[in-house]
Amino acid sequence: MSTKVSIACIAFNERKVLIAHRNPTGQMGNRWEFPGGKVEEGENFEEAIIREFEEEFGVKVKVGNPVAEAQFNHKGETRDLKAFEIFVPHDGMTEKYVLTEHTEYRWAELAEIPQLNFVDSDLLIYPQVAKYLADKLPD
C-alpha cells in the first residue's frame, strides 16, 4: 500500500502565517493548524491544495513553492506531509473566509506557534516553515 499524503498550505502576510482552529470534533479537534488536508486518489499536490482551500475557506488560491516536508504516524499508518506556499486572493479580514472545518482563523507570528495547541504533524514542519520565511525576508 502506498503512503498516504497530506498537504499543508502556508500563506504568509509579511511576517505572519495563516493558521486555523479546527472544529471540536475528531482526533485533532480544537487544535490550531496550518490549513490543508489529504491528497485524494488521482490528484496532484496543486489540485489537492486548491480543492482543500476552496472547500475549507471558500477562496481560490495560487500554489507556490514547496516549503517543508515530514513524515508522521496517524492511527498506525505512516503519512507524508508536504507543505507548499500558497497565495490567497485577500487576507480574510475585511472580507471573511467561509469556514467549513474550522471555528476561526488568524494571522499569527511564527514565534507564537510553539506556544499554541498546534497539531503534532504541523509542529514537525514548523522549523522548516520558519527557516523558509526567514530566507524570504529582507533583514
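Scroll up a little and you will see the structure.
The rules behind each value
Along each chain, residue indices are assigned from 1 in the same order as the chain's sequence is written. Per-residue local features are limited, in this predicted model, to residues with pLDDT of at least 70; the limit for side-chain atom pairs, both in listing and counting, is 80 or more; totals at the level of whole chains, interfaces and linings are taken over all residues. Hydrogens are left out, water is left out, and the side-chain values use all remaining heavy atoms of the structure. Centres within 6.5 Å are what make two rings of Phe, Tyr or Trp a pair, Trp counting through its six-membered ring; a difference in plane orientation under 30 degrees is then read as stacked, over 60 as edge-to-face, and the rest as tilted. The helix and strand labels rest on DSSP assignments: H or I over at least four residues marks a helix, E over at least two residues marks a strand, and numbering proceeds from the N terminus. Categorising residues by exposure relies on relative accessible area from a 1.4 Å probe, with only protein chains included: less than 20% of the type maximum marks a residue as buried, more than 50% marks it as exposed, and the intermediate range marks it as partly exposed.

Trainee: If you had to explain the packing of aromatic side chains to someone new, which residues and values would you point to?
Mentor: Summed over the entire model, instances satisfying the criterion amount to 7 aromatic pairs. Between the aromatic rings of Phe 34 and Phe 118, the centroid separation amounts to 5.1 Å while the plane-to-plane angle is 70 degrees, which identifies the pairing as edge-to-face. Here Phe 34 is found in the loop between strand S3 (32-33) and strand S4 (36-38), whereas its partner Phe 118 is found in the loop between strand S7 (102-109) and helix H2 (120-136), with 84 residues between them in sequence. Note on Phe 118: relative accessible area 1%, which makes it buried. Summarising the aromatic geometry, the rings of Tyr 97 and Tyr 105 are spaced 4.8 Å apart at their centres and angled 40 degrees between planes, so their arrangement reads as tilted. On the basis of relative accessible area, Tyr 97 is assigned to the buried category, the value being 5%. Relative accessible area serves as the criterion here: at 12%, Tyr 105 is assigned to the buried category. An aromatic cluster of at least three residues, connected via ring pairs, comprises Phe 53, Phe 57, Tyr 97 and Tyr 105.

Trainee: Report on unusual backbone geometry, specifying residues and quantitative values.
Mentor: The backbone phi angle of Asn 30 is positive, close to 65 degrees, even though this residue is not glycine. Checked against the element boundaries, Asn 30 lands in the loop between strand S2 (16-22) and S3. Among the residues examined, Asn 30 registers a relative accessible area of 40% and is labelled partly exposed. Positive phi outside glycine occurs at Lys 75, with the angle close to 50 degrees. The topology assignment puts Lys 75 in the loop between strand S5 (62-74) and strand S6 (77-87).

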